[in-house]
Structures are given as structure tokens and as C-alpha cells.
Amino acid sequence: MGSLKNEEEMEQMGEGWTKEAILYVNGLRKVLPDGLAHLTLLEYLRDIGLTGTKLGCGEGGCGACTVMVSRYDKKSKKCVHCAVNACLAPLYSLEGMHVITVEGVGNRKHGLHPIQESLVRSHGSQCGFCTPGFIMSMYSLLRSSQTPPTEEQIEESLAGNLCRCTGYRPIVDAFRVFAKTNDALYTNMSSMSLKEGEFVCPSTGKPCSCGMKNVSNADTCEKSVACGKTYEPVSYSEIDGSTYTEKELIFPPELLLRKSNPLNLSGFGGLKWYRPLKLQHLLELKSKYPDSKLLVGNTEVGIEMRLKRMQYQVLISVTHVPELNVLNVKDDGLEIGAAVRLTELLKMFRKVVTERPAHETSSCKAFIEQIKWFAGTQIKNVASVGGNICTASPISDLNPLWMASGAKFHIVDCKGNIRTTMAEEFFLGYRKVDLTSGEILLSIFLPWTRPFEFVKEFKQAHRRDDDIALVNAGMRVYLEEKDEEWVVSDALLVYGGVAPLSLSAKKTKTFIVGKSWSQELLQNALKILQTDIILKEDAPGGMVDFRKSLTLSFFFKFFLWVSHQMEGKNSIKESVPSTHLSAMQSFHRPSIIGNQDYEITKHGTSVGSPEVHLSSRLQVTGEAEYTDDTPMPPNCLHAALVLSRRPHARILSIDDSGARSSPGFVGIFFAEDVQGDNRIGPVVADEELFASEVVTCVGQVIGVVVAETHEEAKLASRKVQVEYEELPAILSIQEAIDAKSFHPNTERCFRKGDVDICFQSGQCDKIIEGEVRVGGQEHFYLEPHSSVVWTMDHGNEVHMISSTQAPQKHQKYVSHVLGLPMSKVVCKTKRIGGGFGGKETRSAFIAAAAAVPSFLLNRPVNLTLDRDIDMMISGQRHSFLGKYKVGFTNEGKVLALDLEIYNNAGNSLDLSLAVLERAMFHSDNVYEIPNVRIMGNVCFTNFPSNTAFRGFGGPQGMLITENWIQRVAVEVRKSPEEIREINFQGEGSILHYGQQLQHCTLFPLWNELKLSCDFLNARKEVDNFNLNNRWKKRGIAMVPTKFGISFTLKLMNQAGALVHVYTDGTVLVTHGGVEMGQGLHTKVAQVAASAFNIPLSSVFVSETSTDKVPNASPTAASASSDIYGAAVLDACEQIKARMEPIASKHNFNSFAEIEGAFIQGLGWLALEELKWGDAAHKWIPPGCLYTCGPGSYKIPSLNDVPLKFNVSLLKGHPNVKAIHSSKAVGEPPFFLASSVFFAIKDAISAARADAGHTGWFPLDNPATPERIRMACLDEFTAPFINSEYRPKLSV
Ligand SMILES: Cc1cc2nc3c(=O)[nH]c(=O)nc-3n(C[C@H](O)[C@H](O)[C@H](O)COP(=O)(O)OP(=O)(O)OC[C@H]3O[C@@H](n4cnc5c(N)ncnc54)[C@H](O)[C@@H]3O)c2cc1C
Ligand code: FES
Ligand code: FES
């Protein structure tokens, strides 16, 4: 059997240890060789060519790498299926299991799986990079469900999957189909016709054995159900699985019969990997290797080793040790093995809550609620109780609860001696626990609660779903009736996120024990808590005042909740006022719904048909190739960048000797190796490809290392030592203004009327002045930057495949740095996994950096950035500062705007001037202002160069406007909507840059919306709700937008296309635009199909390539469909002129894009906060980005999208300017999300009013929980801040 029993080490450890590891992947048996212990499942899958599973982040935060893992559970005699993040799963941890990837679910040859088909039809796959992950999460849910899941379960199961394109609604719509209660509806076969014991798989609607008690070897789902249905998007009848002819992959019979063996394997750098099957073996290993790391889910250790670069030499996987997997219900409580996974624990809690008397399970209920908000499903499926406890993270969600609920920990040493300690005593310091090196945590004992003993959980995170806590808590109180009073007999209040360890508020506990449960207790306890929990001003994580205020409000909520539980009991006088009830209700979210309302005019064979995205079928099956998926050319090297670690410094010396002796090293290149010109830049060449003397930001590229593998290249690059002489750094817009640090020749001014005269004339009843800070935003495209470059004819030609919105820029940069003519450099882009502006210019230096070693070594080079590096170095949406002075009448009519506007460009100009200008153009939003002066400046700061991002400065300009509009409303005591209306521009308005408005649809659109959403009644309902709820508020807002599409530089609004007509009647279209999920290729193909009057299936849009269509503008500015559609149409017309004339019209079906833009805007305004090491964030090293991954930077998840999201396009107003009435949908909807921001502000106003604060107040974006809470100004913030307080923001 290949076991190496003769090895000395294994002999020492006894019988049975083996190196034979097998794994099934998509039904195929794989023997895993020894030596791969350093590999994750994801790396392995991609290495064997299964590139459908994507690497989005590598830290368990995006779900792009989701696969389904099936194992046979001998205890229950069932196959257990669960979704797992392949990026964190160590390869060997899957030994003896079956992994199904997206390729194993369905494909175009054998038929799409119903889940895949449904996603295609719902337009739920745009750029497609997240798609395989969503498919696998859904597939795993269905395969593991005994009955079809509810809509809520479906949405819950997707909490660990991020999508940046669609806005989630189309994905939910696609998967909702599977939330059925009636099998007959779904399968077209009555449940009566099923044979006894036969189970319908919720996945395909076909009989299978997933849910059967006993799994047999003949586990197949062969039976197919025949039915012919007509097309109807997302209906049960269409997505019934009848078109899916492939068998559902079965659990491999070999794995049912196979006996598990203890494993002894190895990995890179001498890494040892063990999987014992017995506790005794585990203890022996622990005694032999006291520094070994135990592993269960690897969700902590994986992050430590990969992101924090911690090195462990011996890993012991304890998933198979029975003693660590016990889950026993006992008379006095629950016994939980340390290796029990959170999903299992949750199931058990849910079970005991239904089976045991209610008073016994108060702790269990608290755990159920807390686990609900613990990570995503994929993490919960593998993460263990013991892993969470022993990591002793100060923000562990469960440790405060174990402590509060009086849990005991059983600890076993190498000799098998067991001792018990109270959870409360177990945590000793920062990630330090009461375990000696020879001890491990065996199990946890959770006692049942007694009558009148109450346990409650609390957690405040930045984002509700799949986020770590800012502050959390577990609280317990045991009340006893004494002398007709309810007295606290015992209590424990434990907080996380306020100290280096989970912290018990001891003084407060001592105070409340023995006291009667009363208002007096509450008020005094709140005072003592302030002295009990101390956070230093520069505490890591920041938000100190917010965190302190949370400690009070959690206790207040606990008090309300306990009082409510006790209501009606003798002598409890503290009944909860009805206005306070909503403060303690736990959060529940109904399933999301939405409507899309638009006009379709069908013309020709294709235009106007709601066609699915042309490559969506490739995307849902994992067959679509992105840059890093293309098979690497032979001899391919991998590159990693040498990056600056200082914001501003002179390079004194570079020592690369460490890199040169690193394993796998092939070469290292710096500025002096660049044969062409080292100076680059899209508009002005003010950057260096490799910094030569001075670095001007953290993350600036100093050099590039190439090695045989990606990991080796990264390792070598980290070994390069750079000696710096630090220079003063500018780390905010204000610092740049103070130092007059502006990019050369970037001052701009627009004027209309005369603001000075207007202010002096006395026409203005009021004049206000203020400052608006506008936060930046990370693009967070799911596919990081990636380029593969290779030479031909020994460097005579250079070719590359790049993930970019501008292949032409890659061609230009590479030819420039290599000193080659552009005609010898070709860049191709098949598709990209999202761009949003982030791959318009900032992708080009990555291609150029890869080109240098490729050219000099004459070998192919792949440079794909890890997520954290990508976020750190490639620039973001510009933060802005606006200083306004606005004059207006008592009615609120605006007469003059004097605005200074600054953007944070970072260390190079890039596109920042154009971004500033666009912000200035949009600084009137939709308002008629007779006198305008807007001065703009582009700030040079020591941050990575900021760049294009959806809206290109427009949203920032409009946000500043809407801020002062809102303030005008407060000043004249009118609603912002009234102020907006009386200042609207109209037909013929002349804008401050001279354009005259034509075909202005503002009034009809505004009035239609007001009516359709019944705004006035909604306002009344909101006010009424707020009157009746003290601690929960609602808000409402209606905000218009005007957006100028196309490039401001006229010459860029041109496009090219190449159309081939073949003799078989098919047409090949190539054009200069890039497909990034917006469906550009589909729209362009529709134009061609209709133009030639042929079916869409006869048109193929090939990759974008600089050798087919030269000098193309970047795919940006919302104009690509128009310009490329027009170019294709022109080409078709010319061919037709030689053939026969036909008519065509353009249309679109881009609701997912509109919704996606809105949700991205929502993220910018309410969620996504960039934290940089600057004066506001002293706990971050200067110039460094703290929020550099999905763990710390939160984009909207499924739980953040509107509950009801109706999208309607104005009818009867065709766009006469654009090609065939098309409407730009890429950028304009982004700013509409400001309605969410201003609704939040409206809700805050209501809370402030309750506390006696009326009048205007500033609110910066994003409106995070911190900003919202601290703006509410009440008794829980008062001890820490005054009314002038403004939470810190990197601007
Ligand atoms: C994307 C993501 C989201 C997360 N979200 C949350 C969250 O919302 N809340 C939260 O609290 N945490 C969260 N975490 C942290 C993490 O998931 C948990 O701490 C998890 O429970 C760790 O379990 P594991 O089995 O994966 O640990 P592993 O990584 O396998 O092990 C962790 C540590 O525990 C030690 N260990 C394990 N078992 C034993 C034992 N029996 N005896 C002694 N030592 C042992 C190991 O040696 C190791 O040092 C998140 C992590 C990720 C990656
Ligand atoms: S790549 Fe695995 S979760 Fe992001
Ligand atoms: S389609 Fe989801 S990230 Fe692009």
C-alpha cells in the first residue's frame, strides 16, 4: 500500500502510520505524493488544471475559491457535504475525502447543472470571477439539505461569497428557484411516484442518496426526468434539471469502505504534517514536538503562516481524533470536544434548545445568535471550537460567552492527565492561554442555565455578515428573589475588543452582585463600567471612543433584555417602555426582492432581446479563462515585486544577497536594468517603473524578482534589504494644502456669474461655510492584477495577456520600457474579473514590471498580485476635500457657490487632473446656481497614485454638493427634497462650464419617482416610527443625479472594430473594448447580429487584441457600448453595402449592472473605509494601508443590499445622442446610492432630536457604525465625546 513503515521515525511512533494519501476530485482518484504539506487545496486544484476555482483573496474572505467537500461520517453512516474555502484548506486535510469543484458540477458539453443554468438566465454572472464560488456554495447547500432550503437559508449560505458586479439580486433570484416546498412543482414528478426510501436531491430534483439513512455503493442519480418547457426566465419549470443529463457525482465507493490511516507527510522547507487517529498518538506527538501546531480548520494557522508569515515546522491535524470530536448532552450540561466544528455545534445547540426546558438553554440561545454572525458558512464548516479558544484572539466572538456562561475547559497533558479550569481563568494575555507546551484542550463543558439565570451575546462589527467584531460581549446574570426584590446573586460581564484579551468587567460585577435589579443598579453600573474598561487613545484598531461607548450600550441593552424577560414577575418594577422594545430585538432580515421596469424595443434578430451574457455559460461552469488561468507557456517564471516600505525616503543601498540565495531564485532587476525608458505615466511621465533614488510611497516598486514558483518569488522578494534615509512625508490633503504640495500645472478654475458681487450685494439672506471630507474607495475587483508576458524570436517580439481595461496602454508601457516599437508588442485581453477603473492605467506598470525580466531572460513571466499587495500598491478612488461658501435666500434658493476642491492624487499624476475636473463639472449636481466659482487643485501626497474609479470624480463632486444642499435645508427649516426641487436645472440651463442642457428629463423623472414610491406617505411613516422608537430610527431621502458620460478629452471618444464574415455565414467581431462583466461583447454581438439579420449564435466576439484593433481608448467612461457598438455597426454597414442593406437598433439589458453600480456606491457611502497610517491613525505605520484585504476592508455582502430594490428606467425619453437610444448604465447609478447616505443622516437627525440636538451636523462618508453611533449624541456617547466630535477619516 505504499506505506513507508520502515522509516525510523514511524517505527518509533508505532504501527499504521502511512504516507499514502488519496483524494477524489470530481470523481477521479488522485494519489497525493509526499512533500506537498505546504500546499493548499486551491493551489493543488489549480496546479492540476482545475482553474475554475479562483483565488480572490487567499484569506477566506471572498468565497471565490469555494468547493464542496464530501466525507463519510461513520457515526451517522452518512455522507456529509459542505462548502469549504479551498484557499485555507491544507491539501492533506482532505485526505480520504471527495472534492467537487465547479468543473464537476456541469459543463457545456454534458449540460449545465440547474444551478448553473439558473444563474445564466438570471444574469447573475457578470465578470464571472465570483461565479464558481457562488455556484459551489449553492450546490453544497442543496446537496447537504434533506429538504429544499428556505430562501433565508439560501441567503445565509451565501454570506461568505462576495460579488462586486451584480449587486447580488440577480444571484439571489437565480437561487431562489431552489427554495421550494413542493417537489412536484420542481421535478415534474409527484413524490408519490418515488420508490420507497428514494430521496429527491434538492440539487437536481432527481432521485439520489444524499439524504438517505444508509449510503450504498450504488449511489447514483442517474434517473432523468424528461419534460419539455418553454422559456421563462427563472421559473421552476425551466430550471428543473431536465436539461441536465450528467449524473450527479456520487460519493466514491472506495471512500465508503476505506479505513482511515494515521498520516505522516512532509512539505517544503522540512515541514512535517501528521494526522493521528488516536488521542494517545496525538499526545505522543505533542510530547515529541512541543512547539507543534494543532490544526482543525486552519482558519487561524493558515492566516498566520500565509499573511503574517509565521513559520511552523510541525503541523498536527487533529480532525480525526475521536476524543476531540465528542458532542454529548449530559444531565448538567453539554460536553463539546475541542475539534468540533462550529456548524456541528450550531446544529447541536439548535437541537437542545428544542428538547430541553427553556430556562436551561439561555447560554445555548446566546451561542446560536453569536454563531449566526460568525464568519461565513465556509469558515463555520471547518473552524473548530478549540481553535477559536486556543487562539485567544481579543476579538473572539465565543470566548466572552464561554467565560460569561461559566464554561469549564478540560485540558489533557502528554501523559494523559486531565485537569479542569474555568473559562474565566483560561485567558492570560494577548493570545496567551493557560496551556503548557505539553498540554492541549480536550473538551469544553457548558452548564445548563438555572431558572432566572440569563445569558446574552453582543457583537458590533463593521459589517453585519462575515465580519470580525469591533467590540463583543457575553453577559450573564442570575437573579434570586429576596425580601420581595429580585437581587443579583451572580453575574459576569465579559467584553472582547477592548483589551489584549477577553476582559471581565470585575468592578462592575462586584458592584452589581447583591444589588436589586433596578434603574439605580443600571445607572451606577454604567458609571463603574467607565472605570472598569479603559482603552488608550492610541489603542490598536482605533475607534476608541466608539468602542468605549459600546461597552455601555451593550450593558444597557442587557439590562433592558433581562428586565423584559422578568416582566410580570413579582416586584420587578423595571418594566421596559414600549419605545425601548426595539432596542433589544435581535436582527431579522426578510428575503430581498426587487422589480426591474423598462421598455424593450426589439429590432432585428437580436437587439432588444434580453440575451444572456455571451460568456456566462463559460463562467458558470468554470470554463472561462482569466489571465492567471491561461495555461502557462513552457519555462514560465513567476514574479514578485520588491516594494518600498517607507512613504518618502532616499534609497541608500539595496542588498539583494538574501534573495539571490533563496530557493528557486532566477533573477532580480532594478532601475538600471531597464533598457528603454524607466519613466512612465499615462498622461505625464512622472513615475518610475522601478524607483531609482527616492521612494515616494509605501508600496512603490523598487525592483522585480523572478523565481520558479509564485511562493518562491515572494519569499525571495521579501529577503531584499533596502536601507533608507527617511524624508518628510505628506499624508493627507490638508497637509498637502498647508505645504502647497500640488502636482504641477493642475490648478483649475470654473466661473459663472460673479460670486463676490453676489455675496456682497445683500441678495443672500444667509451665507454658510463648511468643509466636506469625502473618503476614498478600493476597487476590489475580484480578480487581482495579472499579466503574463513572453518573447518571440528571442526578444524580437513581445506578447502578453493582461487583465486590463486598456490593452493599448500595456502595449505602450511595455514597448516604452523595453525600447521596442509598439508594432512589436502585442497585448491581448480575453476578459477581466472586474475593473471599475482600477485596471485602466494602474495595471500597465504591472505588465511593464513583468516584461523587463521576461525580455532580459527570454522566458515567459507571470506576475499576479496577491490581494493585499494589489490593494496596497495599485491606487484607489480619490479622497476629496471640499471647502464651500454658499449664499441663499430664506426660501432656500441658492444664489452663489464658492467652492475649493482638492483631490488626493498620491505620488503621481496618473489621471488625477481629469478626475478633479470631472468632480468640478459635477459640482452643481442638478442645481441652477447663478453665481459659481470652483477652484480645484490636485494634491501630491505620499500615497500610491490614486486613479480612475466608476464615476471618475463625479460622485465626489456631487456628494459635496448634496452635503451643502442638506445644510441649506436645515438652515431654512425645509426638507432637503424641497430645497432640491426649487433649485432644479431645466431645459436650456447653462452650466458653469458653458454647456447648455438639452432634453432635460429631470422634472418628469423626479415627479414620477415621487409618485411611484409615494414619498410623502413614506416620510410620514418614517416620522411615526421614530416617534415610537427611542433606540431604533429610520430615515428617508430622495436624491437626483446628472452624469456626463464619455471621456472629457474628445479625441478619446473614438473606437475601432474589425469584422470578418466567413463563408459559412458566421461572423467574427474584434473590437477595442474589454469585456469585464458589463456585457459589452454581448451588446456588440447583438449589434452585429441585427445588422446582418443573423442569429446571435452566428456572431463570435473574440478577445481584445492590440494587433487587431490598434490605439483603442480604455474601456471606461460609460461610453464603450456606444462607441464600440457604433464602430461595429459602421464596419457591418460597410460590408453590407457590398452585400445587402438591413436596419438595426441597439438596446440593453443591464439591470444587474445598474444594481451593481448602486451597491458599489452604497459601499463607498456607508461601509467601505480605507485606513491609512496618517495623523488620524497613529497606530498604523506611516503611509501603510491597514485595510488591505476582505478581512479588514468590507465591501457590501448579500446582507447589505436593499430589502426591496426597484429599478425603473424613464420611458418615452429616448436618448437622441447615443447610438440607437442606448442608456449609459455603468457609472450614473453609482451616485444614486447617496440616497442611502442621506437617509442614514435623516435617521441620525431623529435620534439627535430625541436627545435635544437639533441643527445641522457634519457626517463624513462612509457612514459606518462608528460615525452613525457617535453622531447620535446621547447618554452613551456623552461620557466620551462632545458635540463637536468627528470620527477620524483618512482623506
Ligand atoms: C474569514 C475569517 C472569518 C473569521 N471570522 C471570525 C468571527 O467572526 N469571529 C471569530 O471569533 N473568529 C473568526 N475567525 C477566526 C477563526 O475562524 C476562528 O478562530 C476559528 O474558530 C479557528 O478554528 P480553526 O479550527 O480553524 O483553528 P486552527 O487554525 O486550526 O487552529 C488555531 C489555533 O488553535 C490551536 N488549537 C486548535 N485546537 C487545539 C486544541 N485542541 N488544543 C490546543 N490548541 C489547539 C492551534 O494550535 C492553533 O494555534 C475568522 C477567520 C477567518 C479566516
Ligand atoms: S480566495 Fe479563498 S476566500 Fe477568497
Ligand atoms: S460577477 Fe461577481 S464579481 Fe464580477
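The rules behind these values
In this numbering scheme, every chain counts its residues from 1 along its sequence in written order. Just so you know, chain letters begin at A and ligand numbers begin at 1, following the order they were written in. In keeping with the predicted nature of the model, local features appear solely for residues at pLDDT of at least 70, side-chain atom pairs appear and are counted solely at 80 or more, and the whole-chain, interface and lining totals rest on all residues. Calculation of side-chain values draws on the structure's entire complement of heavy atoms; hydrogens and water are dropped beforehand. Counting from the N terminus, the helices are the DSSP runs of H or I reaching at least four residues and the strands are the DSSP runs of E reaching at least two. Type-normalised accessible area, obtained with a 1.4 Å probe on protein chains alone, sets the label of each residue: buried when under 20%, exposed when over 50%, and partly exposed for intermediate values. Side-chain atoms alone can form a polar contact between residues adjacent in sequence; in general such a contact is a pair of N or O atoms within 3.5 Å, and within protein one must be able to donate a hydrogen while the other accepts it. Between Lys or Arg on one side and Asp or Glu on the other, a salt bridge is scored when a side-chain nitrogen of the former is within 4 Å of a carboxyl oxygen of the latter. Side-chain rings of Phe, Tyr and Trp (the six-membered ring for Trp) are treated as a pair once their centres are within 6.5 Å; stacked means planes under 30 degrees apart, edge-to-face means over 60, and tilted covers the remaining angles. Between the N-to-C directions of two axes lies an angle of 0 to 180 degrees, each axis being a line fitted to C-alpha atoms and, for a helix, fitted only over the stretch in contact. Orientation is classified from the angle alone, with under 35 degrees giving roughly parallel, over 145 giving roughly antiparallel, 65 to 115 giving roughly perpendicular, and any other angle giving oblique. The sense of a crossing depends on the near helix, which, turned anticlockwise from the far helix by less than a right angle, makes the crossing left-handed and, turned clockwise, makes it right-handed. Whether two residues touch is decided by their heavy atoms; if any such pair falls within 4.5 Å, the residues are in contact. Asp, Glu, Lys and Arg are counted as charged, while Ala, Val, Leu, Ile, Met, Phe, Trp, Tyr, Cys and Pro are counted as nonpolar; the rest, among them Gly, fall into the polar class. Patches were defined on residues exceeding 30% relative accessible area and lacking a salt bridge, with like-charge contacts within 9 Å and nonpolar side-chain contacts (Val, Leu, Ile, Met, Phe, Trp, Tyr) within 5 Å. Every accessible area reported is derived by Shrake-Rupley at a probe size of 1.4 Å, with residue values counting cover from the shown protein chains alone. Positive charges are assigned to Lys and Arg, negative charges to Asp and Glu, while His and the chain termini are left out of the count. To locate a charge, take atom NZ for lysine, CZ for arginine, CG for aspartate or CD for glutamate. We call a residue near a molecule or strand as soon as one heavy atom of that residue lies within 4 Å of the molecule or strand. Strand pairing is defined by DSSP finding a minimum of two bridges between the two strands. Within this scheme, the nonpolar core is defined by two criteria: the residues are buried Ala, Val, Leu, Ile, Met, Phe, Trp, Tyr or Cys, and they are joined through side-chain atoms within 4.5 Å. The rule is simple: put a 1 Å grid over the protein atoms alone, call a set of points where a 1.4 Å probe fits but cannot get out a cavity, call an open set with protein on both sides within 12 Å along at least five of seven lines a pocket, and count a residue as lining if it has an atom within 4 Å of a point. Grid points are joined across faces, edges and corners, and a volume is the space filled by probe spheres set on the points. Helix span, as expected, comes to 1.5 Å for every residue beyond the first.

## Describing the environment of threonine 531
1) Next: With respect to the element layout, threonine 531 can be found in helix 18 (residues 519-532).
2) Next: On the accessibility criterion, threonine 531 (43% relative accessible area) is partly exposed.
3) Next: Taking the C-alpha atoms as reference points, threonine 531 and alanine 505, separated by 26 residues in sequence, lie 9.5 Å from one another.
4) Next: At 2.7 Å, the side chain of threonine 531 forms a polar contact with the backbone oxygen of isoleucine 528.

## With respect to the pattern of salt bridges
1) Next: Going through the model one piece at a time under the given rule, you end up with 65 salt bridges.
2) Next: With a closest N to O distance of 3.2 Å, aspartate 434 and arginine 419 form a salt bridge. Residue aspartate 434 is found in the loop between strand 17 (432-433) and strand 18 (440-447), and its partner arginine 419 is found in strand 15 (residues 418-422); the two are separated by 15 residues along the sequence.
3) Next: The class of aspartate 434 is partly exposed, set by a relative accessible area of 23%.
4) Next: Residue arginine 419 is classed as partly exposed on the basis of its relative accessible area, which comes to 27%.
5) Next: Here arginine 980 ties to glutamate 962 by a salt bridge, and the two come within 2.8 Å at their closest N and O atoms. Of this pair, arginine 980 sits in helix 30 (residues 976-982) while glutamate 962 sits in helix 29 (residues 954-971), placing them 18 residues apart in sequence. An identical accessibility class is assigned to arginine 980 and glutamate 962; each is buried.
6) Next: Residues participating in the shared-partner salt-bridge network are Glu151, Arg169, Asp173, Arg176 and Glu1155.

## Overview of the packing of aromatic side chains
1) Next: This structure, assessed with the given rule, holds 34 aromatic pairs.
2) Next: Ring geometry for phenylalanine 943 versus tryptophan 1172: centroids 4.9 Å apart, planes at 55 degrees, classification tilted. With a gap of 229 residues between them, phenylalanine 943 in the loop between strand 40 (931-940) and helix 29 and tryptophan 1172 in the loop between helix 35 (1151-1166) and strand 45 (1204-1208) connect regions that are remote in the sequence.
3) Next: Assessed through its relative accessible area of 8%, tryptophan 1172 is described here as buried.

## Side note on the packing of helix 3 (residues 114-121) against helix 6 (residues 169-176)
1) Next: Put simply, helix 3 and helix 6 touch, their axes get as near as 8 Å, and they point 140 degrees apart. Classified by the angle between their axes, helix 3 and helix 6 sit oblique to one another. Helix 3 and helix 6 meet at a crossing whose hand is right-handed. Of helix 6, the residues touching helix 3 (which contributes Ile115, Ser118 and Leu119) are Ile171, Ala174 and Phe175.
2) Next: Looking at the contact of helix 3 with helix 6 residue by residue, the class counts come to five nonpolar, one polar and no charged.

## Describing the side chain of arginine 121
1) Next: Here arginine 121 is to be found in helix 3.
2) Next: For arginine 121, the side chain forms a polar contact with the side chain of glutamate 117, separated by 3.0 Å.

## A word on a positive patch on the surface
1) Next: On the surface, Arg309, Arg645, Arg718 and Lys719 cluster together into a positively charged patch.
2) Next: Turning to its location among the elements, arginine 645 is positioned in the loop between strand 24 (637-643) and strand 25 (649-655).

## Regarding the site of ligand 1
1) Next: The local shell around ligand 1 holds 30 residues, among which Lys293, Val296, Thr299, Ser384 and Asp397 are the closest.
2) Next: Taking aspartate 397, its side chain carries an N or O atom lying 2.8 Å from a nitrogen atom of ligand 1.
3) Next: Between a nitrogen atom of ligand 1 and a main-chain N or O atom of leucine 441, the distance comes to 2.9 Å.
4) Next: Considering ligand 1 on its own, with 990 Å² of exposed area, one finds that the protein chains cover 92% of that surface.

## With respect to the pairing of strand 24
1) Next: For strand 24, a buried count of seven out of seven residues is recorded, marking the element as mostly surrounded by other parts of the structure.
2) Next: The pairing of strand 24 with strand 37 (residues 861-864) spans two bridges and is classified as parallel. In the sheet register, leucine 637 faces strand 37, and the bridge partner there is valine 861.
3) Next: When strand 24 meets strand 30 (residues 701-707), the two strands line up antiparallel, connected through six bridges. By the bridge assignment, histidine 638 is partnered in strand 30 with alanine 707.

## Looking at the nonpolar core
1) Next: Membership of the largest hydrophobic core comes to 130 residues, with the highest contact counts inside it found for Phe175, Val886, Ile901 and Trp964.
2) Next: The element that contributes the greatest number of residues to this core is helix 35, accounting for eight residues.
3) Next: Setting aside residues no more than four positions away along its own chain, valine 886 makes contact with Phe759, Lys766, Ile767, Ile768, Val894, Ala896, Leu897, Trp964 and Val968.
4) Next: Core analysis: the next-biggest nonpolar cluster, separate from the first, contains 95 residues, Val67, Leu263, Ala404 and Trp448 among them.

## A short note on a negative patch on the surface
1) Next: Taken together, the side chains of Glu481, Asp483, Glu484 and Glu485 define an acidic patch exposed on the protein surface.
2) Next: Note that glutamate 485 resides in strand 21 (residues 485-496).
3) Next: The exposure class of glutamate 485 is partly exposed, given its relative accessible area of 32%.

## Some words on empty space enclosed by the protein
1) Next: Tallying each qualifying case throughout the model produces seven cavities of 30 Å³ or more.
2) Next: Space inside the second largest cavity adds up to approximately 110 Å³.
3) Next: Around the second largest cavity, the lining comprises 13 residues; the ones closest to its centre are Ser879, Asn904, Asn946, Trp1172 and Ser1290.

## Comments concerning helix 29
1) Next: Compared with the 26 Å implied by 1.5 Å per residue over 18 residues, the 26 Å span of helix 29 between its first and last C-alpha is a close match.
2) Next: Of all 18 residues in helix 29, 16 are buried, a share of seventy percent or more.
3) Next: Phi turns positive, to about 55 degrees, at arginine 973, one or two residues after helix 29.

## Describing the packing of helix 3 against helix 4 (residues 131-144)
1) Next: For the pair helix 3 and helix 4, interaxial distance at closest approach is 10 Å and the crossing angle is 135 degrees. Compared by their axis directions, helix 3 and helix 4 come out oblique. The two elements helix 3 and helix 4 cross, and the hand of that crossing is right-handed. Across the interface between the two elements, Ile115, Gln116 and Leu119 from helix 3 touch Thr131, Ile135, Met138, Tyr139 and Leu142 from helix 4.
2) Next: Here the residues of the contact of helix 3 with helix 4 are counted per class, giving six nonpolar, two polar and no charged.

## Some words on unusual backbone geometry
1) Next: In the segment running from asparagine 1261 into proline 1262, the intervening peptide bond is cis, with an omega of 0 degrees.
2) Next: Of note, proline 1262 is situated in the loop between helix 37 (1234-1250) and helix 38 (1265-1271).
3) Next: A positive phi angle is found at aspartate 793, which is not glycine, with a value near 50 degrees.
4) Next: We classify aspartate 793 as exposed; its relative accessible area is 57%.

## Digging into the sheet that holds strand 33 (residues 766-774)
1) Next: The strand order 32-40-39-38-33 describes an open sheet built from five strands, whose pairing is mixed. Looking at which strands have only one partner, the edges of the open sheet turn out to be strand 32 (748-752) and strand 33. Adjacent strand axes in the sheet meet at a mean angle of 10 degrees, parallel and antiparallel pairs treated alike.
2) Next: Bridge count between strand 38 (residues 880-888) and strand 39 (residues 894-906): nine bridges; the pairing is antiparallel. Paired with glycine 882 across the strands is isoleucine 901, a residue of strand 39.

## Quick look at the sheet that holds strand 15
1) Next: Read across the open sheet, the five strands follow the order 12-13-18-14-15; overall the sheet is antiparallel. In this open sheet, the two edge strands, each paired with only one partner strand, are strand 12 (327-329) and strand 15. Taking each pair of neighbouring strands and ignoring which way they run, the sheet shows an average axis angle of 20 degrees.
2) Next: Where strand 12 and strand 13 (residues 333-337) come together, three bridges link them in antiparallel fashion. Bridging from a neighbouring strand, asparagine 328 pairs with glutamate 335 of strand 13.
3) Next: Sitting on the sheet, helix 11 (residues 342-355) is in contact with strand 12, strand 13 and strand 18, with an inclination near 10 degrees to strand 12.

None of the figures reported here should be taken as evidence of function without further support.
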